Number of protein chains: 2
Amino acid sequence: MKRIFLLLFSMTLLNVSAQTDADNVKAIFDNSLLNGMSYQWLDHLSNQIGGRLSGSLNAERAVAYTKEEFEKLGLDKVWLQPVMVPRWVRGAPEYAYIETSPGKTTSVNICALGGSVATPNGGVKANLIEVETYKDLEKLGREKIEGKIVFINRPMQANLIHTFEAYGGCSSERYSGAKEAAKYGAVGVIVRSLNLRLDDYPHTGSMSYGDLPNHLRIPSAAISTNDAELLSGMLALDNNIKFYFSQHCKKLEDVQSYNVIGEITGTEFPNEIILVGGHLDSWDLGDGSHDDGAGVVQSMDVLRLLKESGIKPKRTIRAVLFMNEENGLRGGRKYAEEAKRKGENHVFALESDSGGFTPRGFSFECNDAMLAKVQSWRDLFKPYLIHFFEKGYSGADIGPLRKNYENIVLAGLRPDSQRYFDHHHAANDTFEHVNKRELELGAATMTSLVYLIDKYGTDTISNTAELRD
Amino acid sequence: MKRIFLLLFSMTLLNVSAQTDADNVKAIFDNSLLNGMSYQWLDHLSNQIGGRLSGSLNAERAVAYTKEEFEKLGLDKVWLQPVMVPRWVRGAPEYAYIETSPGKTTSVNICALGGSVATPNGGVKANLIEVETYKDLEKLGREKIEGKIVFINRPMQANLIHTFEAYGGCSSERYSGAKEAAKYGAVGVIVRSLNLRLDDYPHTGSMSYGDLPNHLRIPSAAISTNDAELLSGMLALDNNIKFYFSQHCKKLEDVQSYNVIGEITGTEFPNEIILVGGHLDSWDLGDGSHDDGAGVVQSMDVLRLLKESGIKPKRTIRAVLFMNEENGLRGGRKYAEEAKRKGENHVFALESDSGGFTPRGFSFECNDAMLAKVQSWRDLFKPYLIHFFEKGYSGADIGPLRKNYENIVLAGLRPDSQRYFDHHHAANDTFEHVNKRELELGAATMTSLVYLIDKYGTDTISNTAELRD
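So, how was this worked out
Residues numbered from 1 in each chain as written. Chains lettered and ligands numbered in written order. Predicted model: local features only at pLDDT ≥ 70, side-chain atom pairs only at ≥ 80, totals over all residues. Helix = DSSP H or I, 4+ residues; strand = E, 2+ residues; numbered from the N terminus. Rg over C-alpha atoms; globule rule 2.2 N^0.38 Å. Buried ≥ 20, exposed ≤ 12 C-beta atoms within 10 Å, placed from the backbone. Pairing = 2+ DSSP bridges. Axes fitted to C-alpha atoms, helices over the stretch in contact; angles between N-to-C directions. Contact = placed C-beta atoms within 7 Å. Least-squares fit on C-alpha atoms with pLDDT ≥ 70 in both. Domains from an automatic or database assignment. Nonpolar A, V, L, I, M, F, W, Y, C, P; charged D, E, K, R; others polar. pLDDT = per-residue confidence, 0-100. Parallel < 35°, antiparallel > 145°, perpendicular 65-115°, else oblique. Left-handed = near helix turned anticlockwise from the far one by under 90°. Expected span 1.5 Å × (residues − 1). Arc of directions from axis to C-beta.

A.B. asks: Would you mind showing me how to read the overall build of chain A here?
C.D. replies: Across its full length, chain A holds 14 helices and 16 strands. Taken over the C-alpha trace, chain A has a radius of gyration of 24 Å; the compact-globule value for 469 residues is 23 Å, and the two agree within 12%. On the principal axes, the C-alpha backbone points of chain A span a range of 100 × 40 × 40 Å. Put simply, chain A has 469 residues, and 54% of those count as buried.

Written out as C-alpha cells, the structure is:
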C-alpha cells in the first residue's frame, strides 16, 4: 500500500512537472496571441518613429521610447548604456540612368550603399564593365577596368532553401566591391541588390573601403533587381552604353548613442544572466519593421510575457536593444566589453534579427550535449509548429560575447525566411509587411525557450572547445 | 574476393537507391525554384482572368486557359469533364450604414454572403440584436428578435495555432445564421467576417437556408472586423441604433461548366491513379490567388515538375482542377461519381486548398501504418523544412472519393496558415499577396510526395476501417 502510494505520489510529481512546462508554454503563447504588446510597440517604432539609422534623430527617439516602455513594465532594472556610434547620412536622393546614345536615357533605381562616399559634384558618367563577382576583377586587370563603372551582377541563388545562405553567398560583393574595383582604377561600382525577387526596390547595406586611402575611394550603389536585369540585357546588346549616377552621402563625426537595457532579476541565481536582444537601429530607406523592429519588440515582450504568465525566473533575464548593428556593431561590442569589465556572468544569449515572420525554431552555437538537451524539449514546442533546433549561427549583436565566456550558449531565432530578402534594407521594409500573429508567435517562441533555459540551465554542459564544431 | 565484391556491389545498390530519392527530391525542388511555372500561371489566372465564381464568364475562361496550358505540357491525356454548376451573382455593390439618429449615419463595409437573397427594393433598415452565436437565438426567442437585424459577432479564436481550427469554430455562424434567425422573424443577418485581423475587408463565403421556404428567406451579409467592432461598441452605448443594408444578389439557373483534367499515364500500373488537385472556381471579390489559384497552379506544376525532373511514374498521375468548390462542390461530387461509374482505381489523392504560403507538410486521412510509412520519409523532406506529417483533414474536392474506395489515402497540403484568413474570400485575395518562392516550394513539396507515393505505393497497407480513426 505504502509502495503504491509512493508510486502514485512520484507519478503525480512527474505529471505535475511535465504539465507545468506544457502549461507554462501554453500560457506564454496564449498571452502573446491574445494580449501581446509586440505589434503595438512595433506600430509606434515603425509608424511614429520610422527608419532609425545610427546617429539619427529617429535613433535617439527610439532609445527614449523603448526605455519609457521598459519602465512601464515594472522591471527590476532599466538603464541606458552609452556607446559612440558612426554617423553616415544619405543626403539628397540618388539619381541614375542608362544612356544608350547622347540624350537617350532610361532612369533606373539605385541607392547609395551604407558607408559609401558621394559621387563627385555633378555625378559620374562612364562606360560599364559587368562582372558576376569582384573576384573576376583581377583577371580583367586595370586595362579593362580603368575609368569605368564596375557593375557586379550576382543574383542570389534561388534554389537555396535557407535564404540567408543565398545572402551570404553574395554579400561580400556588396561589402568589398568598391574596395576591390578601386584598385584597378574604376570610377564607381553598381551592385545588384541582394533580393531574391525581381522588383524595383534598391537594397542598401554596409560596405567598406578597408584601409584604402581617402582619395582612392569610389562611390558605390545598389541597383534594383529589375534594373540589374535591364542593364545586363542592354549591355549584352551594346557594350558601349554609359551609366550615370549621383549620390550625396557622407560620413560625419561619431555621436553618442545608447543600448537600451531592461531586466528581471533572478530569484535564485541573479548573477547568471540570460540575454535576449535585437537591434534598435535600422537602415534609413524603410521603417525597419522586419530588420530589426521585430527583434526589438519581441525581446521586450519576452520580459513582459514572463511576468504576465506568472513565471518568476531563477536567473536574471535581460533584454538588450543594441544600437548600431547595421553599420558598425558598436553596440554589440560595447555591451560585451562592459559585461567583461563588470565581471558579469552571461550563460545564454538569444538574438532575433531575421524578421518578424512565422517562427520555425532556433539555431544554436553550443556543444552536442546542449543541443540534445534543447532537442529534448521538442515536444513542448510541437503544438506551436516549432520544429527547427539545429547548430548554426546565432546573431551579430551577441557575437562579441563569445570571447568573454567559455561556457556561453548563443542562439538565434529562425523565422520563415522566404520573404525576408524581399524587404531587407529596402524602402519596403515597412509595418504593413509584418503580420501580427507571426510577430507574436515569434515573441512567444523566444519566451518559451528562455523559460526552459532558465528552469533547466546550461551551466554544466557547455564547453567552448566543443561549442564551435 | 568474391564476397567483398558482392558486399561492395550491394552497398553500391543501397547507396544508389538512397541517393536516388534524395537526388530526385532535390531535382524537383531545384526545378521548381529555378524554373517553376506556378507563378507565371497564377499571374495569368489572377491578373488576366481574375475572380472565377462558378457559372461566370471568368470561370469559363479559366477552364479554357488551364486546358490549353495542360496541352502545352505534352501530357498523355487532357480532357474536360462536364458538370452542371449553380450560378449566384452579386449584382450591384452592397451598401450599409449604422444610423444613430435620423440622418446621422456611418457607412460600414459589408458584402453579401454567397447564396443569400437580396434585400427588398430600397434595402432593409431595422434595430439590431447582437449575439455571439446563432445558438443564442433560441434563448432570446421571437419576442426579442422579430423585426430586427441579427448581428452575429463571433471573433475567431486568436490563440489557436492552426487557424483552420479557429475558422471551423465560427464558420457555422456564417453558414446557418440566416436560416436560424429567420425562424424567429429576423429581417436580416449581419455576420462578423471570418478574419483573424482587424481590417476593413468584408469576407464572403457560402451560406444556406436549408429547406426554409423561399418567402421566409432573409438577406445575409458579412461585415468587416473593424466595422463589427465599431457596431458592437456603438450598440453597447445605445441599443436603439439602426442598421441599414441593401444588396442585389440572386440565384440564376444552373449552367454547364467543367473540371479540367490532365494526366501522365503510369508505366507499370496505369490503372492505379494518384490524384493531385485544387479548385478552379473562386469567390468574386478578389482574384482568388490564394483560394485556390495557388492549388490549381501547384497541381498543374506537379505534372510538369515530374517530367522536368526526368521521373517516369509507375502509376497514373492525374491533376484535377475542380469546378465549384466554393458554393456547391459539384465538381468534386461529379468527379467521384464518374470515377465510380468508370470503375477507376484511385489509390491516393492530394489537395492543395489552404493558400500559397510556405509549405509545412501534409495532413493525411489514412491508417497508422500508412502514416508511419509517410513519416519514414521525413529525412527526405528535412532539407526543405517540411516537418508536418500528421493525421487530419485532406480537402473538400477529394472528399467525395472517400466513399468510392476502401483503401484510398487522402492528403492535404498544409502551408503556413497564419496569414490565410487575412485574405480568404475577400477583396484582398490577390496576386501580390502570393510570394513566388513560397508558391514554388508548395508545388515542389506536393511533387515530392507524389513521387514517393508512386514509387512505394499505398496499396498493401491502407484500410478504411482504420483510416478514419
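Moving on, there is more to tell.
A.B. asks: I'm lost on the sheet that holds strand β14 (residues 359-365) of chain B in this one. Help?
C.D. replies: Residue and element names in this part refer to chain B. Here eight strands make up an open sheet; going across it, the order is β1-β10-β12-β11-β13-β16-β14-β15 and the pairing mixed. Looking at which strands have only one partner, the edges of the open sheet turn out to be β1 (77-89) and β15 (388-391). When the angles between neighbouring strand axes are averaged without regard to direction, this sheet yields 20 degrees. Sheet contacts for helix α3 (residues 57-72): β1, β10 (250-264) and β12 (315-322); angle to β10, the most-contacted strand, approximately 5 degrees. Strand contacts of helix α13 (residues 436-456): β11 (269-279), β12, β13 (345-351), β14 and β16 (409-415), with the helix running at about 160 degrees to β11, the strand carrying the most contacts.

A.B. asks: Would you take a moment to explain unusual backbone geometry for this structure?
C.D. replies: Most peptide bonds take the trans form, and the phi angle of most residues other than glycine is negative. Residues and elements named next belong to chain A. Of the consecutive residues Asp 291 and Asp 292, the connecting peptide bond is found in the cis state with omega at 5 degrees. With phi around 75 degrees, Asn 324 is a residue other than glycine that occupies positive phi space. Looking at the secondary structure, you find Asn 324 in the loop between β12 (315-322) and α9 (330-341). The backbone of His 425 shows a phi angle near 65 degrees, a positive value even though the residue is not glycine. Judged by the 29 C-beta atoms lying within 10 Å of it, His 425 is buried.

A.B. asks: When you look at the relation of the copies chain A and chain B in this model, what are you seeing that I'm missing?
C.D. replies: When chain A is brought onto chain B, the operation consists of a screw motion whose angular component is 180 degrees and whose axial shift is 0.0 Å, with 0.0 Å RMSD remaining. A rotation of that kind, with that shift, is consistent with a two-fold axis. Taking C-alpha positions as reference, the residue of chain A nearest the rotation axis is A:His387, located at 3.6 Å. Taken as a fraction of all interface residues of chain A, those also at the interface in chain B reach 100%, which identifies the copy contact as same-surface.

A.B. asks: Got a minute to help me understand the domain arrangement of chain A in this structure?
C.D. replies: One widely used convention gives an interface's size as the accessible area the parts lose upon coming together. Residues and elements named next belong to chain A. When its domains are assigned, chain A resolves into domain 1 (26-88 + 253-467) and domain 2 (91-248). Contact with domain 1, which involves 15 residues of that partner, is made by 18 residues of domain 2. Sorting elements by how many residues they give to the side of domain 1 that touches domain 2 places helix α12 (residues 420-423) first, with three residues. Here the residues of the side of domain 1 that touches domain 2 are counted per class, giving seven nonpolar, six polar and two charged.

A.B. asks: For this particular structure, what's the right way to read the environment of A:Tyr244?
C.D. replies: Note that A:Tyr244 resides in strand β9 (residues 242-246). The residues contacting A:Tyr244, other than those within four sequence positions of it, are A:Ala96, A:Tyr97, A:Glu99, A:Gly123, A:Val124 and A:Lys125.

A.B. asks: I keep staring at the confidence of the model for chain A and nothing clicks. Help me out?
C.D. replies: In low-pLDDT regions, the fine details of the predicted coordinates are not to be read closely. Residues and elements named next belong to chain A. On average, residues of chain A score 94 in pLDDT, and 94% of them reach the 70 mark or higher. Low pLDDT, under 50, characterises residues 1-18; the predicted model gives this stretch zero contacts beyond four residues in sequence or across chains. Contacts for the low-pLDDT stretch residues 460-469, under 50 throughout, to residues beyond four places or in other chains number 21 contacts. ipTM for the predicted complex: 0.93, alongside a pTM of 0.94.

A.B. asks: For this particular structure, what's the right way to read the sheet that holds strand β9 (residues 242-246) of chain B?
C.D. replies: Residue and element names in this part refer to chain B. A sheet is described by the order of its strands in space; here eight strands give the open sequence β3-β2-β9-β5-β6-β7-β8-β4, paired in mixed fashion. Each edge of the open sheet is held by one strand with a lone partner, namely β3 (104-108) and β4 (110-112). Ignoring strand direction, the axes of neighbouring strands in this sheet form an average angle of 30 degrees. Each of β5 (124-131) and β6 (149-152) touches helix α4 (residues 136-145); the most contacted strand, β5, lies at about 145 degrees to it.

A.B. asks: Hey, could you run me through the interface of chain A and chain B in this one?
C.D. replies: Each partner contributes residues to the interface: chain A has 23 residues there, and chain B has 23 residues. Of all elements in the fold, only α1 (2-35) and α13 (436-456) of chain A reach the threshold of two or more residues within the side of chain A that touches chain B. Looking at the side of chain A that touches chain B residue by residue, the class counts come to ten nonpolar, five polar and eight charged.

A.B. asks: Looking at this structure, I do not really get the environment of B:Pro270. What am I missing?
C.D. replies: All names here are of chain B. When you line up the elements, Pro 270 lands in strand β11. A C-alpha to C-alpha distance of 28 Å links Pro 270 and Ser 257, two positions 13 residues apart in sequence. Look past the residues within four positions of Pro 270 in its chain and what remains in contact with it is Thr 265 and Thr 316.

A.B. asks: Sorry if this is basic, but what is going on with the pairing of strand β7 (residues 188-192) of chain A here?
C.D. replies: Side chains on a regular strand alternate between the two faces of the sheet. Residues and elements named next belong to chain A. Judged by how many residues are buried, β7 sits mostly within the fold: five of five residues are covered. Side-chain alternation along β7 places Gly 188, Ile 190 and Arg 192 on one buried face and Val 189 and Val 191 on a second face that is also buried. The pairing of strand β6 (residues 149-152) with β7 spans four bridges and is classified as parallel. Residue pairing for β7: Phe 151 is matched across the bridge by Ile 190. Pairing of β7 with strand β8 (residues 220-223) involves four bridges; the strand directions are parallel. Along β8, the bridge assignment pairs Ile 190 with Ala 221.

A.B. asks: Just checking my understanding: could you explain the packing of helix α8 (residues 289-308) of chain A against α13(A) for this structure?
C.D. replies: The packing of two helices is summarised by the inter-axis angle and the distance between the axes. All names here are of chain A. Interhelical geometry of α8 versus α13 gives an angle of 55 degrees and a closest axis separation of 8 Å. Taken together, the axes of α8 and α13 are oblique relative to one another. Seen from above, α8 lies across α13 with right-handed handedness. In contact with Ala 294, Gln 298, Asp 301, Val 302, Leu 305 and Leu 306 of α8, α13 contributes Leu 439, Gly 442, Ala 443, Ala 444, Met 446, Thr 447, Val 450 and Tyr 451. Tallied by class, residues from the contact of α8 with α13 come to ten nonpolar, three polar and one charged.

A.B. asks: What is the right way to read the environment of A:Asp30 from this model?
C.D. replies: Note that A:Asp30 resides in helix α1. Here the alpha-carbon distance between A:Asp30 and A:Leu441, two residues 411 residues apart in the chain, equals 9.5 Å.

A.B. asks: Which parts of the structure should I look at to understand the packing of helix α2 (residues 38-49) of chain A against α13(A)?
C.D. replies: Residue and element names in this part refer to chain A. Close contact between α2 and α13 brings their axes to 9 Å; oriented N to C, the two are set at 115 degrees. Considering the angle they form, α2 stands roughly perpendicular to α13. Between α2, through Ser 38, Tyr 39 and Leu 42, and α13, the contact on the second element is made entirely by Lys 436, Leu 439, Glu 440 and Ala 443. Looking at the contact of α2 with α13 residue by residue, the classes come out as four nonpolar, one polar and two charged.

A.B. asks: Could you clarify how one ought to interpret helix α3 (residues 57-72) of chain A in this entry?
C.D. replies: Since there are 3.6 residues in each turn of an α-helix, residues three or four apart along the chain are aligned in direction. Residues and elements named next belong to chain A. Given a rise of 1.5 Å per residue, 16 residues ought to cover 22 Å, and the 23 Å separating the end C-alpha atoms of α3 matches this to within 8%. Those residues of α3 lying buried are Asn 58, Ala 59, Ala 62, Val 63, Thr 66, Glu 69 and Phe 70. Axial view of α3: buried residues confined to an arc of 150 degrees, hence all on one face. Relative to its buried face, α3 has exposed residues pointing more than 90 degrees away, namely Leu 57, Glu 68, Glu 71 and Lys 72. Downstream of α3 by a residue or two, Gly 74 has a phi angle that is positive, lying close to 65 degrees.

A.B. asks: Teacher, can you tell me more about helix α9 (residues 330-341) of chain B here?
C.D. replies: For α9(B), with twelve residues, the first-to-last C-alpha span of 16 Å sits near the 16 Å given by 1.5 Å per residue. In the segment just after α9(B), B:Gly343 is the residue with positive phi, at about 70 degrees.

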